[in-house]
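Read off the chains here:
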Amino acid sequence: MEKIIITGGERLKGRVGISGSKNAALPIMAATLLTNGVTTLSNIPRLKDVTTMARVLRTLGAKVEFREKELKIDTTNVDRFLAPYNLVKTMRASFLVFGPLLAKLGKARVSLPGGCAIGSRPVDLHLRGFEELGAEVSMGGGYTQVKRDGLIGAEIYLDFPSVGATENLMMAATLAKGKTTIENAAKEPEIVDLANFLNKMGAKIKGAGTDTIRTIGVKELKGTDYSIIPDRIEAGTYIIAAAITKGDIILEGAKIDHLESLITKLHEAGVEIEDEPASSTSTVDAEEASAGPPMRRRERVIKVKARRRIKAVDVKTMPYPGFPTDMQAQFMALMSITPGISIITETVFENRFMHVSELLRMGADIKIEGSSAVVKGAKSLSGAPVMATDLRASAALILAGLVAEGKTEISRIYHLDRGYERIVEKLSNLGAKIERVKQ
Ligand code: EPZ
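Chemist: Would you mind showing me how to read the overall build of the protein chain here?
Modeler: Within the protein chain, the secondary structure is distributed over 15 helices and 24 strands. The globule rule puts the C-alpha radius of gyration for 439 residues at 22 Å, and the 22 Å found for the protein chain is close to it. C-alpha extents for the protein chain along the principal axes are approximately 65 × 60 × 40 Å. Put simply, the protein chain has 439 residues, and 55% of those count as buried. The long-range share in the protein chain, meaning contacts at least 24 apart out of those at least 6 apart in sequence, stands at 74%.

Right, dumping it as structure tokens:
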């Protein structure tokens, strides 16, 4: 087992490159099952969850090979429809093979994903949607089986804008007969990226990114090449790393419009965050300005300056475009060292405060009241041995460790490897005193 040791007190400075999005890569990898062809995906992050999804696809008969930042997936010989418990239990997103297998092979047998540290996380919305599409759903022995030779397009209403249910049902609808409408759909950027990928394979999807997604079923989808969006939660985590250390960093490769709610909250707290053209000159070049059409959106960077004292602000997590639940733990780490009182309310998951007890060990002053945490900014945090419980809680402990006095030792860092590519390297390049050691 390994642990991460951080000596707090360094202001982060410099440039950090943001990797491809974990939560776009996983559904898009599953979507390759909808074709009998070869797909090449780029900007794929090297993460444990991506490796797990590759294993799930191989179990189903696909050939998956990693190149530098590319992933080549050949689904020509996919003929198995069972996703086994030993893989699904390690990663809930394995459940995203359900929709593609049902649409392509007419049946699927997938282990129930089981809960995880942040809540029970049922899949009732997925299964109800499959039934609306004509599938027969049966459960037994911890597995769910769906079957239907030829799905029929339907009107589906999601009681909650579930990201996974929207993705699973949108994928299944691409090969269903006729039209499918998903109402109250999730609107996350990862849904839009998945829809763009599916349309590039030949699907007919409109409305992704709004709460109504319309799909007209087609006969078949073809393999294609595709580059996925950057990871907005990784980007948000580094923005908070700059804020908590009163640093001054530049993020490359992130998309600022995916981070609006987080940036609005950080502006309210007093953190300066701007996006500007990547070129050294920050003004539009003369010939480009005179060229008439609006300046091509060249690569842009996000600059974060946290010089000024920041103040506590309240936050309530909501489905996109609201404040992301995946940034709640990281924001709490920032508020635990910010003067004032911040009320942080978690509305998406029923148990996503596992990081609170560990932050308390570092001297934070946090009281949980139902689905809210009342965070009273402490003058300082002190380094301590702490334990990661889930992916984003681990990130919150790293952020607290960056600013705590003394050494913080974080164990169970396998949670971190699921969703943050080379985080120790990226943070040390920004000046953090951080290392990964064998326990
Ligand atoms: C996706 O999980 C993300 N994972 C999560 O990111 C993210 O926190 C979540 O969406 C919300 O934004 C991936 O994209 C791989 P949901 P998902 O279905 O699809 C309830 C991370 O840290 N629900 O939108 O599982 C569910 O219990 C991870 O990167 C039902 O009740 O999330 C939860 O309370 C963590 N029935 C809420 O909806 C269902 O059938 C949101 O779940 C489905 C969901």
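Chemist: Is there a simple way to think about the site of the ligand in this case?
Modeler: By nearness alone, 22 residues border the ligand, and Arg92, Asp124, Ser162, Asp326 and Val348 come closest of all. Within the side chain of Asn23, an N or O atom sits 3.1 Å from an oxygen atom of the ligand. In the complex, 87% of the free accessible area of the ligand, which totals 820 Å², lies under the protein chains. Per element, the largest residue contribution to the shell around the ligand is three residues, and it comes from helix 5 (residues 124–132). Considering only residue class, the shell around the ligand consists of ten nonpolar, five polar and seven charged. Both domains that meet at the shell around the ligand, namely domain 1 (2–19 + 230–438) and domain 2 (22–227), each give it at least three residues.

Chemist: Which parts of the structure should I look at to understand the environment of Thr264?
Modeler: With respect to the helices, strands and loops of the structure, Thr264 is situated in helix 9 (residues 260–269). For the pair formed by Thr264 and Phe323, sequence separation is 59 residues and the distance between their alpha carbons is 9.4 Å. A polar side-chain atom of Thr264 sits 2.7 Å from the main-chain carbonyl oxygen of Glu260.

Chemist: What is the right way to look at the packing of helix 8 (residues 232–244) against helix 13 (residues 391–403) in this model?
Modeler: At their nearest, the axes of helix 8 and helix 13 sit 9 Å apart, and the two run at 20° to each other. The angle between helix 8 and helix 13 places the two elements in the roughly parallel class. In this structure, the crossing between helix 8 and helix 13 has a hand that is right-handed. Only Arg392, Ala395, Leu399, Ala400, Leu402 and Val403 of helix 13 make contact with helix 8, whose side of the interface consists of Ile233, Thr237, Ile240, Ala241 and Ile244. Residue classes in the contact of helix 8 with helix 13 are distributed as nine nonpolar, one polar and one charged.

Chemist: Any chance you could explain helix 6 (residues 163–173) here in plain terms?
Modeler: Turn by turn, an α-helix covers 3.6 residues, leaving residues three or four places apart pointing in a common direction. Of all eleven residues in helix 6, ten are buried, a share of seventy percent or more. Turning to helix 6, its buried residues number three or more, namely Gly164, Ala165, Thr166, Glu167, Asn168, Leu169, Met170, Met171, Ala172 and Ala173.

Chemist: Hey, could you run me through the environment of Ile44 in this one?
Modeler: Among the structural elements, Ile44 can be located in the loop between strand 3 (38–42) and helix 2 (48–59). Residues Ile44 and Gly178 lie 134 residues apart in sequence; the distance between their C-alpha atoms is 33 Å. Setting aside its immediate chain neighbours within four residues, Ile44 contacts Ala25, Val50, Lys69, Leu71 and Ile228.

Chemist: Would you mind showing me how to read the packing of aromatic side chains here?
Modeler: The geometry of an aromatic ring pair is captured by the separation of the ring centres together with the interplanar angle, meaning the angle of the planes. Tallied over the entire structure, the rule returns four aromatic pairs. Judged by centre distance (5.4 Å) and plane angle (50°), the rings of Phe98 and Phe130 are tilted. In this pair, Phe98 is assigned in helix 4 (residues 98–105) and Phe130 in helix 5, connecting sequence segments 32 residues apart. We classify Phe98 as buried; its relative accessible area is 0%. Plain terms: the ring middles of Phe323 and Phe331 are 5.3 Å apart, the flat faces sit at 75° to each other, and that makes the pair edge-to-face. For the pair shown, Phe323 and Phe331 are each scored as buried.

Chemist: Just checking my understanding: could you explain the sheet that holds strand 20 (residues 365–369) for this structure?
Modeler: Strand pairing within a sheet occurs via backbone hydrogen bonds; the two strands may be parallel or antiparallel. Taken in spatial order, the four strands make up an open sheet running 18-19-21-20, and their pairing is mixed. Each edge of the open sheet is held by one strand with a lone partner, namely strand 18 (315–316) and strand 20. When strand 20 meets strand 21 (residues 372–376), the two strands line up antiparallel, connected through five bridges. From the neighbouring strand, Asp365 faces strand 21, where its bridge partner is Lys376.

Chemist: Sorry, what's going on with the sheet that holds strand 12 (residues 204–206) here?
Modeler: An order of 10-11-13-12 is seen for the four strands of this open sheet, with the pairing classed as mixed. Edge strands, defined here as strands with exactly one partner in the open sheet, are strand 10 (155–157) and strand 12. Across the sheet, the mean angle from the axis of one strand to that of its neighbour is 15°, orientation sign disregarded. Relative to strand 13 (residues 212–216), strand 12 runs antiparallel, the two sharing three bridges. If you follow Ile205 over to strand 13, its bridge partner there is Thr215. Packing against the sheet, helix 6 makes contact with strand 10, strand 11 (179–183), strand 12 and strand 13, and its axis sits at approximately 170° to strand 11.

About the thresholds
- Residues numbered from 1 in each chain as written.
- Predicted model: local features only at pLDDT ≥ 70, side-chain atom pairs only at ≥ 80, totals over all residues.
- Heavy atoms only, no water.
- Helix = DSSP H or I, 4+ residues; strand = E, 2+ residues; numbered from the N terminus.
- Rg over C-alpha atoms; globule rule 2.2 N^0.38 Å.
- Buried < 20%, exposed > 50% of the residue type's maximum accessible area, 1.4 Å probe, protein only.
- Contact = heavy atoms within 4.5 Å.
- Near = heavy atom within 4 Å.
- Polar contact = N/O pair within 3.5 Å; in protein donor to acceptor, adjacent residues only side chain to side chain.
- Areas by Shrake-Rupley, 256 points an atom, 1.4 Å probe, with all protein chains shown as cover.
- Nonpolar A, V, L, I, M, F, W, Y, C, P; charged D, E, K, R; others polar.
- Domains from an automatic or database assignment.
- Axes fitted to C-alpha atoms, helices over the stretch in contact; angles between N-to-C directions.
- Parallel < 35°, antiparallel > 145°, perpendicular 65-115°, else oblique.
- Left-handed = near helix turned anticlockwise from the far one by under 90°.
- Phe/Tyr/Trp six-rings, centres within 6.5 Å; stacked < 30°, edge-to-face > 60°.
- Pairing = 2+ DSSP bridges.

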